[in-house]
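# Fold and contact review
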Amino acid sequence: MNVVVCVKLVPDPDSVGQLDATTHRLRRDLAEPVLDPGDEFGVEAGLRLVEAHGGEVRVVSMGPERALDAIRKALAMGAARGVLVTDDGLGGSDALTTAKVLAAAIGREPFDVVITATESTDGYTGIVPQALAELLGVPAVTFASGVVSDGTALTVTRQTESGSETILAGLPCVVSVTAGVNEPRYPSLRGIMGAKSKPMDRCTPVELGLEAVGGGAAAGQTVVSVTAADERRAGEVVTDDGDGAHRIVLLLAGARVI
Amino acid sequence: MALGSVWVFAELNQGRAASGALELLTRARSLGAAAVEAVCFGPEAADAVAELGRHGATTVHLCADRAFAELLFGGPAADTLAALVAEHRPDLVLFAATHAGRDVAGRLAAKLDVPVIANGLDIEAGDAITVTTAIFGATQVVRTEFGARRPALALFRPKSFAAAEAPDAISPRVVEVQAVIRDCHRRATVVGRSVETAAGPKLEDAEVVVSGGRGLQDPSNFELLREVATLLHGAVGASRAVVDAGWAPYSLQVGQTGKTVKPTVYIACGISGAMQHTVGMRGAQKIVAINKDPQAPIFKLADLGIVGDALTVLRQLRDELRSRQG
Ligand SMILES: Cc1cc2nc3c(=O)[nH]c(=O)nc-3n(C[C@H](O)[C@H](O)[C@H](O)COP(=O)(O)OP(=O)(O)OC[C@H]3O[C@@H](n4cnc5c(N)ncnc54)[C@H](O)[C@@H]3O)c2cc1C
Ligand SMILES: Nc1ncnc2c1ncn2[C@@H]1O[C@H](COP(=O)(O)O)[C@@H](O)[C@H]1O
């Protein structure tokens, strides 16, 4: 089974993000960039598919040079090879541009399953997987909380707003996985060492045959302002010495819900 | 540039128009568009027409093909919608940022090669169409303007607008359309479906939400939340940490990847207050937080913060509510 996993480099989610005041782009210099924790579930899901059915996991990323680190982590977990699409002109790309670039990189070779996370930790548009699937001409089984395969099709449990749905999807298809779909493995020392010698390809959008992609205004949308939101003001914080519950009751009564 | 038609992609929720569709129609009415229309796909679509009309849709493009329930929804819906858009050329199509809304909007953007803005909170239409989004846990507000390409597509977080019926609503014109289903989409079928049912009000609609996080320590303690929620005629919510751990079903998850709630009172029990959680509940009128860590970020937005053990406070709360009710 040929599995492709999309992985993204994101600023460490545990640090507070900030936008550059003039370019309106995420300041990536402030936080240590890491493989998006959400994508670790995708890598794990891909590895489990090839462990059960043979084949290999290829990882694809679009991003700055440093995104090689994200790919390397996926290789250390067990992926076979990686490709990074990188170009200065891609900074600030919108979801559609991202999907075009990923689709071009993925479509160069046959694939059975493409795995993404449901949403990236930094951009969280949550629409790259679907746009990607459309460009590849395949279904997108999103919000997967369980993925199993018999080698020819996938059976996917997907979360819905009101419960869950089971989808039987023929190959090829795109699957976006939620956190909790599995328990991602830690790279072993051998994996980390081995990753250094795995094939890693780097290319530009032009090399993929994409002439007119680019971020910002070219994408049909422009950020016109970034301002601080009205902050909610913190109220009273008290230490519970037996009357915490009573204070809550008073608040509930004040809000006329009891 | 005058705004032409604005369309709302209206989802169905258990045989009715989903609340997100009604919210979007309400907002669309005040954009000064030439027309406000709805698109509704699914076997029960006809049942939603009247309500869509009352909220301002003058036309409903409807397709009741069973395929929308039998196949994975996003692909067929995007193809059918794309055909309609090509025929009628709306300027703007609004979607709720639900799973289905994202599935359809993401595909449609790629199919038509038009821009799409996700996570919208508000929209203005003047010389340009501008969508407001919030980032970094809603601490910063970003305004993004669409260029000239049409249609512009935008997704809005549920509860961004309050739904209200239109005073001058008319019974909408219904246009039945044919489903467009490419072969690739026939390969993805729905083989099972389960709906979580909980007693009491739905999480999205409840006046009081009592939510639990990892600080509840054990899945069995969710029963205590349920007791308190029931006494308050409210609903139970959960953080993603406990949903991922299997303590609570996903349908109870509050936050960026879960539900957005705007209750009168939100009570966060043993929840740290990560920004991905707070974006889903910061719109509550009053926020109460119980957490043993005085530094927990949730206290920064709580109207009442109790530093203490969530289980102890919840038990006392349950007992006091019981004795009030006699
Ligand atoms: C892309 C992405 C999307 C996400 N979407 C969501 C989402 O939709 N919803 C969501 O909730 N999260 C979401 N998260 C996860 C989020 O970042 C947090 O990890 C999560 O909200 C933490 O859950 P928690 O507060 O229950 O757990 P923790 O962060 O572990 O906090 C537990 C809290 O309990 C307190 N505690 C411990 N014992 C007690 C006690 N006895 N009494 C009282 N307090 C106690 C601790 O002090 C602590 O503050 C998302 C993350 C990512 C990356
Ligand atoms: N630049 C990128 N490189 C690789 N994968 C990406 C990129 N952007 C998004 N993805 C994938 O698509 C998912 C959804 O992203 P988004 O739609 O931006 O929230 C992410 O979690 C990744 O798996």
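Within any chain, residue numbers begin from 1 and follow the written order of that chain's sequence. Each chain gets a letter, beginning with A, and each ligand a number, beginning with 1, in the order they are written. Totals for whole chains, interfaces and linings use all residues, but because this is a predicted model, local features are given only for residues with pLDDT of at least 70 and pairs of side-chain atoms are given and counted only at 80 or more. Each side-chain value is worked out from all heavy atoms of the structure, with water and hydrogens disregarded.

### Topic: empty space enclosed by the protein
Cavities and pockets are found on a 1 Å grid laid over the protein atoms alone: a cavity is a set of points where a 1.4 Å probe fits but cannot escape, a pocket is an open set with protein on both sides within 12 Å along at least five of seven lines, and a lining residue has an atom within 4 Å of such a point. Grid points are joined across faces, edges and corners, and a volume is the space filled by probe spheres set on the points. Within this structure, the stated rule accounts for 3 cavities of 30 Å³ or more. By volume, the largest cavity amounts to about 60 Å³. Along its surface, the largest cavity is lined by Gln-130, Pro-139 and Ala-140 of chain A together with Leu-72, Gly-74, Gly-75, Pro-76, Asp-103, Arg-107, His-185 and Ala-188 of chain B. Among the secondary structure elements, those contributing two or more residues to the lining of the largest cavity are helix H4 (74–88) and helix H5 (99–112) of chain B. Per-element tally for the lining of the largest cavity: the top contributor is H4 of chain B, with 3 residues. Here the residues of the lining of the largest cavity sort into 5 nonpolar, 4 polar and 2 charged. By definition, any uninterrupted DSSP run of H or I lasting at least four residues is a helix, any uninterrupted run of E lasting at least two residues is a strand, and each is numbered from the N terminus. Each residue receives one of three labels: charged for Asp, Glu, Lys and Arg, nonpolar for Ala, Val, Leu, Ile, Met, Phe, Trp, Tyr, Cys and Pro, and polar for the others, Gly being one of them.

### What to know about the site of ligand 2
Residues and elements named next belong to chain A. Proximity is defined per residue: if any heavy atom of the residue lies within 4 Å of a molecule or strand, that residue is considered near it. Close to ligand 2 lie 19 residues, the nearest being Asp-39, Met-62, Ser-120, Thr-125 and Gly-126. Each polar contact in these results corresponds to two N or O atoms within 3.5 Å; when the atoms are within protein, one needs to be able to donate a hydrogen and the other to accept it, and residues that are neighboring in sequence are counted only if both atoms are side-chain atoms. One of the backbone N or O atoms of Cys-6 is found 3.4 Å from an oxygen atom in ligand 2. Between Val-128 and ligand 2, the recorded distance is 3.0 Å, taken from a backbone N or O atom to an oxygen atom. Where the shell around ligand 2 is concerned, the elements lending two or more residues are strand E4 (56–62), helix H3 (95–106), strand E6 (113–117) and helix H4 (128–136). Among the elements that make up the shell around ligand 2, the one with the highest residue count is E4 (3 residues).

### Things to note about the site of ligand 1
Lining the immediate environment of ligand 1, one finds 27 residues, of which Gln-217, Ser-239, Thr-257, Gln-276 and Asp-309 of chain B sit closest. Positioned at a junction of chains, ligand 1 has nearby residues supplied by chains A and B. Residue Gly-215 of chain B places a main-chain N or O atom 3.4 Å away from an oxygen atom belonging to ligand 1. A distance of 3.2 Å separates a nitrogen atom of ligand 1 from a polar backbone atom of Lys-292 of chain B. Elements that contribute at least two residues to the shell around ligand 1 include exactly helix H8 (240–244) and helix H9 (275–278) of chain B. For the shell around ligand 1, the residue count by class is 5 nonpolar, 16 polar and 6 charged.

### Some thoughts on the interface of chain B and chain A
The criterion used for residue contact is that any of the two residues' heavy atoms lie within 4.5 Å. Contacts between chain B and chain A engage 87 residues on the former and 78 residues on the latter. The buried area of a pairing is the accessible area, by a 1.4 Å probe, that goes missing from both parts when the two are put together, added over both. Here chain B meets chain A over a buried area of about 7000 Å², counting both sides, of which 55% is carbon and sulfur. A pair is scored as a salt bridge if a Lys or Arg side-chain nitrogen falls within 4 Å of a carboxyl oxygen belonging to Asp or Glu. Connecting chain B to chain A are 7 salt bridges. With a closest N to O distance of 3.3 Å, Glu-134 of chain A and Lys-111 of chain B form a salt bridge. Across the chain B-chain A interface, the total number found is 36 residue pairs in polar contact (both at pLDDT 80 or more). Of the residues contributing to the side of chain B that touches chain A, the split by class is 39 nonpolar, 25 polar and 23 charged. Pairing between two strands is assigned when DSSP locates at least 2 bridges connecting them. Pairing between strand E9 (residues 163–170) of chain A and strand E12 (residues 188–195) of chain B: 7 bridges, direction antiparallel. Its bridge partner lying in E12 of chain B, Thr-166 of chain A is registered against Gly-192 of chain B.

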